[in-house]
Amino acid sequence: MVRRKRVTRRFPLDSPNWIPIVNALQSLCDLTGNRQLAAKDLTNALADRDVPSMRRYFSGWRQSPPVGAVLLEPDGELLPAAYWTEHEVRGWSEGSLGSFVARRGNMVAQIMGYAYFVWKPALAKIWPAAFALAAAPAAPRVRRTNDKRQHKGSPTQDAIRRIAAQEWPDGHEGIPIKHIIAGVSPKLSARGIPVPKRDTWLRALGRRKS
């Protein structure tokens, strides 16, 4: 119990230092130029270089926590490094429930219904060019307008825009929509908001006209 309290204080579930594994994968892909190499390097770092990782359950069948995992209430599990000797980061996800994580072996079985996260400060020590911890950006200035259409949207779309802005403070225009869906969906579910259809995402992010 004492160890669990110490760990949860050091790695709180709601810390902004946890970043979705798909974001880390994309940053490494920018360095390597290859998604498979990026996935391999990230897996090795998780298994061998003391990079904390955790996962959060959001849908489907919930597995028993891995041996050595520390529970982060209400739905998180801090994963031991040994977890990554039996699992690996994949370059691609399978569907909306895919996690970019699969069991190792000839018969690849991707873990479904879980969102995986990695500890950014640890990644920054290994790859400072990709994960340098910058000062928090100033809040963007809101452009005032009388055009009510600019703020048109459902509460779900508003939530998508807010979370996406937090995940990609420098802008998400160049991020593929499937990566945004993978990164934002777990946080929608954590807030009790059902994950919408793809069309809603496109409208929320201004990639399809209303």
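Scroll up a little and you will see the structure.
*Asks:* Would you take a moment to explain the pattern of salt bridges for this structure?
*Replies:* Two side chains of opposite charge can pair, provided their charged atoms sit close to one another. For the structure on display, the rule yields six salt bridges. Between D158 and R161 there is a salt bridge whose closest N-O contact spans 2.5 Å. Highlighted residues: D158 and R161, both in helix 7 (residues 155-167), separated by three residues, approximately one helical turn. R161 gets classed as partly exposed once you look at its relative accessible area, which sits at 27%. For E167, the salt bridge goes to K187, with nearest N and O atoms at 2.3 Å. Pair noted here: E167 is in helix 7 and K187 is in helix 8 (residues 177-190), with a separation of 20 residues, a long-range link. The buried category is assigned to E167, whose relative accessible area is 15%. Residue K187 is classed as partly exposed on the basis of its relative accessible area, which comes to 22%.

*Asks:* Explain helix 3 (residues 35-48) to me, please; I cannot follow it from the model alone.
*Replies:* Side chains three or four residues apart in an α-helix point the same way, a direct result of the helix having 3.6 residues per turn. Taking 1.5 Å per residue, 14 residues should reach 20 Å; helix 3 reaches 20 Å between its end C-alpha atoms and fits that length. Among the residues of helix 3, those classed as buried are R35, A38, A39, L42, T43, A45, L46 and A47. For helix 3, the side-chain oxygen to backbone nitrogen distance between the N-cap and Q36 is 2.9 Å, and the N-cap itself is N34.

*Asks:* Any chance you could explain the pairing of strand 8 (residues 114-119) here in plain terms?
*Replies:* Looking along a regular strand, one sees side chains alternate from face to face of the sheet. Among the six residues that make up strand 8, six are buried, leaving the element largely enclosed by the rest of the structure. In strand 8, alternate side chains face the same way, and those of Y114, Y116 and V118 on one face and A115, F117 and W119 on the other are all buried. Of the pairings in the sheet, the one linking strand 1 (residues 18-20) to strand 8 comprises three bridges and is antiparallel in character. Of the residues in strand 8, the one forming a bridge with P20 is F117. Bridge count for strand 2 (residues 53-57) against strand 8 is five bridges, and the pairing is antiparallel. Looking across to strand 8, one finds that Y57 is bridged to Y114.

The rules behind the values
- Residues numbered from 1 in each chain as written.
- Predicted model: local features only at pLDDT ≥ 70, side-chain atom pairs only at ≥ 80, totals over all residues.
- Heavy atoms only, no water.
- Salt bridge = Lys/Arg side-chain N within 4 Å of Asp/Glu carboxyl O.
- Helix = DSSP H or I, 4+ residues; strand = E, 2+ residues; numbered from the N terminus.
- Buried < 20%, exposed > 50% of the residue type's maximum accessible area, 1.4 Å probe, protein only.
- Expected span 1.5 Å × (residues − 1).
- Polar contact = N/O pair within 3.5 Å; in protein donor to acceptor, adjacent residues only side chain to side chain.
- Pairing = 2+ DSSP bridges.

Honestly, that's just the spatial picture; any functional story needs more than this.
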